[in-house]
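A structural walkthrough
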There are 2 protein chains.
Amino acid sequence: MTSGETEPRARLDEFALIAKLFAPLTQNMPGAFALTDDVAVLAPPAGHKVVLKTDSLIEGVHFLRSDPPALVARKGLRRALSDLAAKGAEPCVYLLALALPPWPDMEWLRAFADGLGADQAEFGLSLVGGETNATPGPLTLTVTAVGYVPNCALIRRNGARAGDRVYVTGTIGDAGCGLRLATGNAATVSEGARAFLVSRYRLPIPRLSTGLALRGIASAALDVSDGLLADLGHVADVSGVRIEIDAAEIPLSTALRELWGDSIEARSRAAGAGDDYEIAFTAAAPGSPALSEIARRTSTAITPIGRVVAGHGVAFLDRAGKEILVETKGYTHY
Amino acid sequence: MTSGETEPRARLDEFALIAKLFAPLTQNMPGAFALTDDVAVLAPPAGHKVVLKTDSLIEGVHFLRSDPPALVARKGLRRALSDLAAKGAEPCVYLLALALPPWPDMEWLRAFADGLGADQAEFGLSLVGGETNATPGPLTLTVTAVGYVPNCALIRRNGARAGDRVYVTGTIGDAGCGLRLATGNAATVSEGARAFLVSRYRLPIPRLSTGLALRGIASAALDVSDGLLADLGHVADVSGVRIEIDAAEIPLSTALRELWGDSIEARSRAAGAGDDYEIAFTAAAPGSPALSEIARRTSTAITPIGRVVAGHGVAFLDRAGKEILVETKGYTHY
């Protein structure tokens, strides 16, 4: 926290209240000191490495002021958890830096803390440290998620090899469509489909159990945030390979099909939409029996969508194997 | 990074450029993956715990848009390092989340990265992870500093005991005064004093070597950010003791005395000013010979300023031992 020269005294009092509000979220983790000390302390389990991810959620960019505060909190947390999931890491604790404008009242903050608590219970996490600063700008929460992974078990981006197959969990495009619905797109759509798609945008599901199960099986993985094709472009780039995706295999939810249909054009939009927070990964072929078992055990669809070949870049192919020019593929730096 | 739905494609390209600009700052740390993967991985040394601190630096609150970008970067880093220093932890790596408005150009960002590089060299650090997001608001950098401390060596806030003495490193009040000078206070002051005071505001010095040397000697410690008296209030509160500070003993720099004199009133202002990033600590009396040796070895003044007694709260005493009512003491929640 900064000096009284730059932060009004009243805000320092408010921030102390916030620390008290958030203190129960530490759940008596010994190294959190109930947020009464300056740092958090962790003792990683023997034979494990520490896995870290920091990311921000920003009002007006990633959420709206009118969004339910619990969902804002959970989305901020889940974005970071999703990265750990895709790497086969097990999240354990997190730190929270809050840049707080004047508008949120204690009721908003309490609901925000409740949202964190709900996800902590769901994912087995504790808050271990935090800091609140005043901002004249949008509310910005920065989560640093900390997890553990056994030595050598981390699933990197750079392990894709020619001959591997490419897979993705869940369905693609829901969040991109949900954002359009949430921001006033008046598409004719059933209430059920609308609710599903908007919740896929507002509350991503980090695929933690699937990620853990993919240790030793996936050769490369990441979570889909920029868009399936853009993100697979990252894998292709750092692995030094070419990735071919079969457009017809992109998994679409029933709700998304209700709006967009299941044409190649719909699948192209889905593959460029982003914010899916599914895991895209590669694995040596044939991996299907093990993957079917993982899908069953973690109640998460795993769909084969393409293959890794020699070369570079990402190709999006129609049923005839001809490359489709996708409008949204050109924005990556590959 | 969020989806193309909410971030313009051009910004995603820009963020990829920033990752490339920052990649050399990882200095080939194996777990940083040159910023080409989603997470950072650390292997803490045996017998050590991991110490974590996250904090944000916000344009318009903690720095001005016109400030030199290298200083902005270094101040953001040093605020977090200062917390580790006061705990006796050795910082090793850090993660950086950048909320980036449209105004900084690549030249600004390059100078910002150079500032990080300069401090990395000075403090023996590496960047291991980062994320850039677009913001419609002020530039906000959130640093998560990661350090190590031998098991049980962490210096807590809650260890102060009646009979201990209270100490502070360096001088107090310089940064508070420097901020007023930097923001246009037209006080008559020598160029040398002005430069010193402004630099104390812009570029705090984390007392890392002194903090390490205080392991096993300090019974409680924290870095002075809210203001000396307010921060000692935190120590008194969680230690369950009363702290008495002798106003006349507050160490003032020559430059500060040139502006404020060395009256009790000047010392009161200094003790309430904040942003000093010195270490305030308690230690069993008599600790003076060991502390003199630490001060000499780390080239950092260590001044006894008071004592720990039974009771609660912080008292600021004049030469006659009478409590001085300090305007800025009332804003703490103690």
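Fair warning: this is a prediction, and the values are worked out from it, not measured in the lab. (Residues numbered from 1 in each chain as written. Chains lettered and ligands numbered in written order. Predicted model: local features only at pLDDT ≥ 70, side-chain atom pairs only at ≥ 80, totals over all residues.)

**Considering the overall build of chain A**
When you go through chain A residue by residue, the secondary structure sums to 10 helices and 11 strands. For chain A, whose C-alpha radius of gyration is 21 Å, the value lies close to the compact-globule estimate of 20 Å for 334 residues. Projected onto its principal axes, the C-alpha coordinates of chain A cover approximately 65 × 55 × 35 Å. Long-range pairs, those at least 24 residues apart, make up 84% of the contacts in chain A with a sequence separation of at least 6. (Helix = DSSP H or I, 4+ residues; strand = E, 2+ residues; numbered from the N terminus. Rg over C-alpha atoms; globule rule 2.2 N^0.38 Å. Contact = placed C-beta atoms within 7 Å.)

**Quick look at the relation of the copies chain A and chain B**
Taken as rigid bodies, chain A and chain B are interconverted by a rotation of 180 degrees and an axial shift of 0.0 Å, the fit giving an RMSD of 0.0 Å. Here the symmetry operator amounts to a two-fold rotation axis. Closest approach to the rotation axis within chain A is made by the C-alpha atom of A:Gly137, at a distance of 2.3 Å. A symmetric contact is evident, with 100% of the interface residues of chain A recurring at the interface of chain B. (Least-squares fit on C-alpha atoms with pLDDT ≥ 70 in both.)

**What about the packing of helix H4 (residues 174-182) of chain A against helix H5 (residues 191-202) of chain A?**
Residue and element names in this part refer to chain A. The contact between H4 and H5 brings their axes to 7 Å, and the two run at 105 degrees. When the interaxial angle is binned, H4 and H5 end up roughly perpendicular. Taken together, the residues of H5 that come into contact with H4 (itself represented by Asp 174, Ala 175, Cys 177, Gly 178, Leu 179, Leu 181 and Ala 182) are Arg 194, Leu 197, Val 198, Arg 200 and Tyr 201. Considered class by class, the residues forming the contact of H4 with H5 number eight nonpolar, one polar and three charged. (Axes fitted to C-alpha atoms, helices over the stretch in contact; angles between N-to-C directions. Parallel < 35°, antiparallel > 145°, perpendicular 65-115°, else oblique. Nonpolar A, V, L, I, M, F, W, Y, C, P; charged D, E, K, R; others polar.)

**Side note on the domain arrangement of chain A**
Residues and elements named next belong to chain A. Domains assigned within chain A are domain 1 (9-150) and domain 2 (164-329). Between the C-alpha centres of domain 1 and domain 2 there is a distance of 28 Å. The interface of domain 1 with domain 2 comprises 15 residues on the first partner and 15 residues on the second. Looking at which element gives the most residues to the side of domain 1 that touches domain 2, the answer is helix H2 (residues 69-86), with 10 residues. Of the residues in the side of domain 1 that touches domain 2, the class split is five nonpolar, two polar and eight charged. (Domains from an automatic or database assignment.)

**Section: the interface of chain A and chain B**
Opposite the 68 residues of chain A that make contact, chain B presents 68 residues. Take the side of chain A that touches chain B: its biggest share by element is nine residues, from strand E2 (residues 48-58) of chain A. Here E2(A) runs beside strand E1 (residues 40-42) of chain B; their pairing, made up of three bridges, is antiparallel. Within the sheet, the bridge partner assigned to A:Val50 lies in E1(B) and is B:Leu42. (Pairing = 2+ DSSP bridges.)

**Remarks on the nonpolar core**
Counting 209 residues, the largest nonpolar core has A:Tyr94 and B:Tyr94 as the members making the most contacts within it. When near neighbours in sequence (up to four residues on either side) are disregarded, A:Tyr94 contacts A:Leu77, A:Ala80, A:Leu125, A:Leu127, A:Val143, A:Thr144, A:Ala145 and A:Val146. (Core = buried A, V, L, I, M, F, W, Y, C linked by C-beta atoms within 7 Å. Buried ≥ 20, exposed ≤ 12 C-beta atoms within 10 Å, placed from the backbone.)

**Examining the sheet that holds E2(A)**
Overall, mixed pairing links the five strands, which are arranged E4(A)-E3(A)-E5(A)-E2(A)-E1(B) in an open sheet. The two strands at the open ends of the sheet, each matched to only one other strand, are strand E4 (126-134) of chain A together with E1 of chain B. Sheet twist, expressed as the mean angle between neighbouring strand axes with direction ignored, is 20 degrees. Bridging between strand E3 (residues 90-100) of chain A and E4(A) involves eight bridges; their strand directions are parallel. Bridged to A:Leu95 within E4(A) is A:Gly129. The sheet strands contacting H2(A) are E2, E3 and strand E5 (140-150) of chain A, and the helix crosses E2(A) at an angle near 140 degrees.

**Thoughts on the sheet that holds strand E10 (residues 302-309) of chain B**
All names here are of chain B. If you trace the six strands from one edge of the open sheet to the other, you get E7-E9-E6-E10-E8-E11, paired in mixed fashion. The strands lining the two open edges of the sheet, one partner per strand, are strand E7 (218-223) and strand E11 (313-317). Adjacent strand axes in the sheet meet at a mean angle of 25 degrees, parallel and antiparallel pairs treated alike. When strand E6 (residues 164-169) meets E10, the two strands line up antiparallel, connected through five bridges. The partner of Val 168 across the bridge, within E10, is Thr 303. Sheet strands in contact with helix H7 (residues 228-239) are E6, E7, strand E8 (242-246), strand E9 (279-284) and E11, and its direction is about 135 degrees off that of E11.

**Digging into the pairing of strand E10 (residues 302-309) of chain A**
Relative to E10(A), strand E8 (residues 242-246) of chain A runs antiparallel, the two being bridged by four bridges. Across the sheet, A:Arg242 pairs through a bridge with A:Val309, a residue of E10(A).

**Details of H7(B)**
Residues and elements named next belong to chain B. Taking 1.5 Å as the rise per residue, H7 with 12 residues should run 16 Å; its terminal C-alpha atoms sit 16 Å apart, in good agreement. Those residues of H7 that fall on the buried side of the exposure criterion are Leu 228, Leu 229, Ala 230, Asp 231, Leu 232, Gly 233, His 234, Val 235, Ala 236 and Ser 239. Buried residues in H7 make contact with E6, E7, E8, helix H9 (264-273), E9 and E11. (Expected span 1.5 Å × (residues − 1).)

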